[in-house]
Each structure stands twice: as C-alpha cells, then as structure tokens.
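# Examining the three-dimensional arrangement
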Amino acid sequence: MGYKQNLGRAGENLVADLLQSQGNQLLERNWRIREGEIDLIALAPNGVIRFVEVKTRSSEKFGHPLEAINARKAMRLQRLALAWLSTHQHLGAEYQIDCAAVLSSQTGECTIDYRSAIL
Amino acid sequence: MGLEGHVITIEVDVGDGVPTFTLLGLPDAALSESRERVKSAIINSNFEWPHRKVTVALSPAYLPKSGSSFDLAIAMAILISHGSLTLASMDQTIFIGELGLDGEVRPVRGVLPALLSARAKGITRAFIPAANAIESRLVENLEIISVDSLTQVHEFYTAGVLPESEIPVEQSTDVSLMLDMEDLVGQESARRALEIAAVGGHHLLLMGPPGTGKTMLAQRFPSILPALTPAEALEVTAIHSVAGKLIDPAASIARPFIAPHHSTTAPAMVGGGVHFIRPGAASLAHHGVLFIDEAPEMSPGVLDALRQPLESGEVTITRSIGTITYPASFLLVIAANPCPCGNFAGKGRGCTCSALQVRRYLQKISGPLMDRIDIRVFVDPPSRVEMLQTALGEDSATIRARVERARARSLARFLGLGWSLNSEIPAKALRKDFRAERSAMNLIHDELERGLLSARGVHKVLRVAWSICDLQGAAIPSLENVEEALSLRNSVKVGP
C-alpha cells in the first residue's frame, strides 16, 4: 500500500476507535459496491445507523479536508447509504450521513473534526 | 435603489456540516462572487475562516441586491461569527466597500446616497472605502471612518486604532478652472441671451451656421451660473456617485455640463438599465446644463424623451426590477444648424439645400419640445470688425456677479411662494401677481389677438421679461423688457 492509502487507513482506524469509544457499534468497514465505497457504518446507541465518510490529510495546504466533499459526492454517499440499507433489509431505518476530517501533523499527532448529519 | 437607500442587515449562521458558503437575499452575479472575495480577503488578512456550513442572509430578503458594496459588511459579519470581534460595539454602524482578494477595501458606486439614507435611518457610524472619502465629506452629523483594508477595521475594534487617512483636500470654491466667456469674440446678442437664460433658468436654442461659436457659447454657460448651494451640491454629487462618476473635488461646486452625442439612445439620455437603473444624461445634468449639439441629427424619440424631465424636473424609469425616480432639473441648451448644409444664414447664399430639405431639417425638433424653449437666438458669424478686435470679451466672473444679483432679486420676490426662478412662475401667478407694465401687457395681448403668440407663449414671454427686468434692477417688467423678450422668442422661426 502506498503512502496515501496508509494515511487513509490510519485515519479510518482513528475515527472507528472514536466511534466505538462513544458507544457506537461498528457494523461495517469499507463496504464497497460498484458505485463506490462507504468508509465506516456504525449503529449509534439511539438506534440510528451512521454512514461515515473519512477524509484524511497531512496538511491544510490544499484546503480543508471536508471541502473535498461537494454536492455530487454528498449525493453519492446518500445513494450508497440507501444501497446498503436495502441490501441489508434495513430500509426505513433511521440513518444519517456523517463526515470526519482527520488532520495528521508532521509530528504524528492527529486531530479529528467530526461533523454529524451533514445532509 | 436609485438615490434612496435601504439599510441591509446581514446575518451569518455557522453550522455543522460540510464546508459551504451560501449567500441568501436575491444577490446578482457580482454579489454572488462576493463569497469568493470575502473568503480570500479574510484568509489573506490572516484571520480565521470557519470551515463549516456558512450561511449569510441579507435582509430584507425580498429586495434584489446587486454589486460588490456588501463585501466589507459580509466579512465583518463572518469575523464576528467566530468571535474575532464582538457585536456589542457595532450598534448603528454600517459598512460599505468592495474587498480585494488581499483584504484591501476598494471604492464602490453610490456611497454618498447610501450615507444620506443611513443617516436618515438613525445610523451613527459608517465605514467606507478611503477612495470614496471625498464625496463623503458632504455628509454631516455622521461619524465616517474611511478605511483601506479589512485589517484596519479589525484594528479599530480590537485596539481602538483609528485608521490614518490623509486629510482630504479642502473643498475648492474656485470656479476659475472653467472655460471663460472672455474667450468669445463679439456675439453680443447670444451673450445677452445666455445671461438672461442664466438669471431665470430659461431653456435656450442657439441656431447658426457651423463655426460661429454655438458650442463655445454653450460650454461657457455653466461659468456664468451661480455656484451650487451646499444642498444642490449634495444632490448633484449623489447622482454622480450612483452613476459611478466620482467628481473631481475641485469641480464639485461647479454646475455640471453634460453634452451627450447626437447618437445617444433614449435610455442613455433619461436613464435605464436591466439589473441596475443608471441615471441618464438628463439626471447627470441636474442643477446644471444639458447641451444637445446638432439637435436635428438626434433621433426624435430621444429628444422627446426629455419632455417629461423638462416638465417635472425628474425622470421616472420603470424596469422589471422596480421603479426609480431620479431628479433631472436642468437647463436645456439646444444647438442646431439652420439646414443640413449649415449655410442657410443671412441671405442664404452658400446654402445648397432645397427649401423642402431646410423645412424638414428643423421639423425634427418637435413642436412640443420647441414650445418649452423660452429663448431662441441666432448666432451670427462674427463680423470683420469683431474678429479684428484684440480686446477680450467680458469675463465670466463679471457676468456671473450680475446674474447672482438678479437671482437674489427674484429669490427675494418669490420668498415663501414655493418656487425660486422666473422660469418657474406658475401661469396663474403670472396673470395675477406678476404682470408687466400696462403698456407691455397691451402689446402682449395684441400679439395674442393677431395669433402670433399662443396663450402658453404669453406666459413664456412674461417669464423672460421678468428675468430681463431683474437684470436691469427694475420693479416690474417695462414695455422695453417685454419687447426684448418677444424678440428672443420670435427671432428664430422653427418648426410648423
């Protein structure tokens, strides 16, 4: 795996840990179909299914990580979420789409900026 | 909207979610681009940009908003939203200005009328671009802070530092920069007509062959008019500010002289536009002179578009975005050649036009428009003797002093009556309180009876006679004054 893939994987791990530490049950990681991928799927303590997109960057030089999510990507996340719900017989369940921005600095410290229910 | 401003309140909501920047409140293209300008300006001024879902709402929401002048206010609202500044000290404060990508505050159109409206709505402090400082000096009882950059505004609120701005040049009261009447050789009758027109605010037609000095005369007309009063200067500057034409501070008390080309269209003449209704030449000439050279060459519709402002002193323009009224009270000076070739003067020897051509040419100035012109003079070519004179003509300052004296007389006479110039005396008042001498009235009524003068013509002649009388310093117009007024109306026969 290349540097970027490692960075991305590390960011996803961090967010997964964060979610679990807050009492979410991790349902799926890197669920992938032809149309795309959902990084993390978790069941929140209140029964809401969370679909999480993780963006990891090593610097803000090219803008904030979350700026990479434009309207088109947001719509794709929405379609992917519905696809997952229908293939897992959960259609009609309450769900939300979250985003997490992981910024890793040179020294190896990471900050997580978690935004829930972005749509 | 026009010369009337609205105070726009800007609200910012910074919410969770993907970073976006939404602008609400019917922005036009220039205002939509404000998002990018504001963002760059904030980041490049080393302030923090909220990487969140930013929603900016300009209210009242139903009013279409245009232009770049909201940039500074939007940037300030965003700085407040994440705590860089506090809202408490910004009560009754407005911000006007376009932002450069580097955080520089750039000049915008219409600052003066915006400040006037703001003051009327109880605003006490205004931040404006430093480049607009000159026009803003006309506004009193409002704390005006001119700034060069977003950082300066920030410093004002965090450190109390007033931005340093160079002391603006004192407003000049010197009108000597203008062209002077002394440049003109001879032309006694035209000079006299100009002077009378200046006293009473009468519209003027100058007719004559090419090269006799019609344009020179008209260009020097503002120099014999009294300087603008502060209130008039405010109106004039406000209109020019809306049009985006910043006036040279030295000339800001001089009366405007606007000379639209004869190919001008009706919207350019009276005002118009799609997204923003721009004042036309008629409004730019407010309190000044509107000079139309080669009037018969102008398309008849454009000339006739001037009839509304001539009648009411203002122009009302309606477009899809709304209706706007601009003041347009000007002195109209029309210049025309007597025929297409221009040589139909005196015995008409050099003229190559047919009789029909000559008639058609002058008929292009419509009757109703012609009727509103009180003084019509023929500008003769200077004679041999006049051309040989080495002495200069009478200078503008001398003539202006006479005009000012005469105007003071008429102003005193009309005190409390609701008008101030002889050309504005209502017909009813002319018949009752402002009649001429008995013998003079008899002469006018004779003319009326013989069909040489219409009823409206009678009033026009009387008004001009009053101006002549004021110049002379007499109490009421004499027979002589009325005779001169009659000759000023009838010396040039135009139209049907």
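None of these values were measured; they are calculated from a predicted model. (Residues numbered from 1 in each chain as written. Chains lettered and ligands numbered in written order. Predicted model: local features only at pLDDT ≥ 70, side-chain atom pairs only at ≥ 80, totals over all residues.)

With that settled, the discussion passes to the overall build of chain B. When helices and strands are counted, chain B shows 21 helices and 17 strands. Taken along its principal axes, the extent of the C-alpha atoms in chain B is 85 × 50 × 45 Å. Here chain B holds 496 residues, and the buried ones make up 43% of them. The long-range fraction of contacts in chain B, counting pairs at least 24 apart against all pairs at least 6 apart in sequence, stands at 76%. (Helix = DSSP H or I, 4+ residues; strand = E, 2+ residues; numbered from the N terminus. Buried ≥ 20, exposed ≤ 12 C-beta atoms within 10 Å, placed from the backbone. Contact = placed C-beta atoms within 7 Å.)

Attention now moves to the overall build of chain A. What chain A contains, in helices and strands, is two helices and five strands. The order of helices and strands in chain A, counted from the N terminus, is α-β-β-β-α-β-β. The globule rule puts the C-alpha radius of gyration for 119 residues at 14 Å, and the 14 Å found for chain A is close to it. The C-alpha extent of chain A, read off along each of the three principal axes, is 45 × 30 × 25 Å. Looking at chain A residue by residue over its 119 residues, the buried ones come to 27%. Here the contacts in chain A between residues at least 6 apart in sequence split such that 49% fall between residues at least 24 apart. (Rg over C-alpha atoms; globule rule 2.2 N^0.38 Å.)

So, on to the interface of chain A and chain B. Counting residues at the interface gives nine residues for chain A, matched by five residues for chain B. For the side of chain A that touches chain B, a count of residues per class yields five nonpolar, two polar and two charged. (Nonpolar A, V, L, I, M, F, W, Y, C, P; charged D, E, K, R; others polar.)

This paragraph deals with helix α7 (residues 188–200) of chain B. Residues and elements named next belong to chain B. With 13 residues, α7 extends 19 Å from end C-alpha to end C-alpha; this agrees with the ideal 18 Å at 1.5 Å per step. Of all the residues in α7, the buried ones are A190, A193, L194, E195, I196, A197, A198, V199 and G200. Looking one or two residues beyond α7, the residue adopting positive phi is G201, at roughly 70 degrees. (Expected span 1.5 Å × (residues − 1).)

All names here are of chain B. Strand order in this open sheet of five strands is β10-β13-β16-β9-β17, and the pairing throughout is parallel. Both edges of this open sheet fall to β10 (257–258) and β17 (375–378), since each of them pairs with a single strand only. Pairing between β10 and strand β13 (residues 289–292): two bridges, direction parallel. From the neighbouring strand, I258 faces β13, where its bridge partner is L290. Contacts between α7 and the sheet are confined to β9 (204–207), β16 (331–336) and β17, with β17 contributing the most and set at about 165 degrees to the helix. (Pairing = 2+ DSSP bridges. Axes fitted to C-alpha atoms, helices over the stretch in contact; angles between N-to-C directions.)

Another aspect to go through is the nonpolar core. In terms of nonpolar packing, the biggest core is built from 127 residues, with A75(B), I96(B), L206(B), A282(B), V333(B) and A465(B) touching the most fellow members. Beyond its immediate stretch of four places on either side in the chain, A465(B) contacts A436(B), P477(B), N481(B), V482(B) and A485(B). Counting 22 residues, the second largest nonpolar core, distinct from the first, contains I38(A), Y95(A), C99(A) and V18(B). (Core = buried A, V, L, I, M, F, W, Y, C linked by C-beta atoms within 7 Å.)

Residues and elements named next belong to chain B. Note that the residue after S59, namely P60, is joined by a cis bond; omega there is 5 degrees. When you line up the elements, P60 lands in the loop between β3 (53–59) and α3 (71–81). Residue N141 is not a glycine yet carries a positive backbone phi of 60 degrees. With respect to the helices and strands, the residue N141 is situated in the loop between α5 (133–136) and β8 (143–147). Judged by C-beta crowding, with 6 C-beta atoms within 10 Å, N141 ranks as exposed.

As a further point, take the confidence of the model for chain A. Residues with a pLDDT of 70 or more make up 99% of chain A, whose mean pLDDT is 88. The secondary structure element of chain A with the lowest average pLDDT is strand β5 (residues 110–115) of chain A, at 87, and the one with the highest is strand β2 (residues 36–43) of chain A, at 94. (pLDDT = per-residue confidence, 0-100.)

Residues and elements named next belong to chain A. Taken together, five strands build an open sheet; the order of strands is β1-β2-β3-β4-β5 and the sheet is mixed. Each edge of the sheet is formed by a strand with only one pairing partner; in this case those strands are β1 (25–33) and β5. Taken pair by pair, the neighbouring strands of this sheet meet at an average axis angle of 25 degrees, ignoring direction. Here β2 pairs with strand β3 (residues 49–57) via four bridges, running antiparallel. By the bridge assignment, L43 is partnered in β3 with I49. Each of β1, β2, β3, β4 (95–104) and β5 is contacted by helix α1 (residues 3–21), which is oriented at about 140 degrees to β3, the strand it contacts most.

Next up on the list: the environment of T124(B). All names here are of chain B. Within the secondary structure layout, T124 lies in the loop between α4 (111–120) and β7 (125–129). For T124 and I277, which are 153 residues apart along the polypeptide, the C-alpha to C-alpha distance reads 28 Å. Excluding residues within four positions of it along the chain, T124 makes contact with Q92, L142 and E143.

The next subject is the packing of α7(B) against helix α17 (residues 396–413) of chain B. Residues and elements named next belong to chain B. One way to put it is that α7 packs onto α17 with a least axis distance of 9 Å and a crossing angle of 40 degrees. As the angle between them shows, α7 and α17 are arranged oblique. Here α7 and α17 pass one another in a crossing that is right-handed. Where α7 abuts α17, its residues E195, A198 and V199 lie against I399, R402, V403, A406 and R407. Taken together, the residues that form the contact of α7 with α17 break down as five nonpolar, no polar and three charged. (Parallel < 35°, antiparallel > 145°, perpendicular 65-115°, else oblique. Left-handed = near helix turned anticlockwise from the far one by under 90°.)

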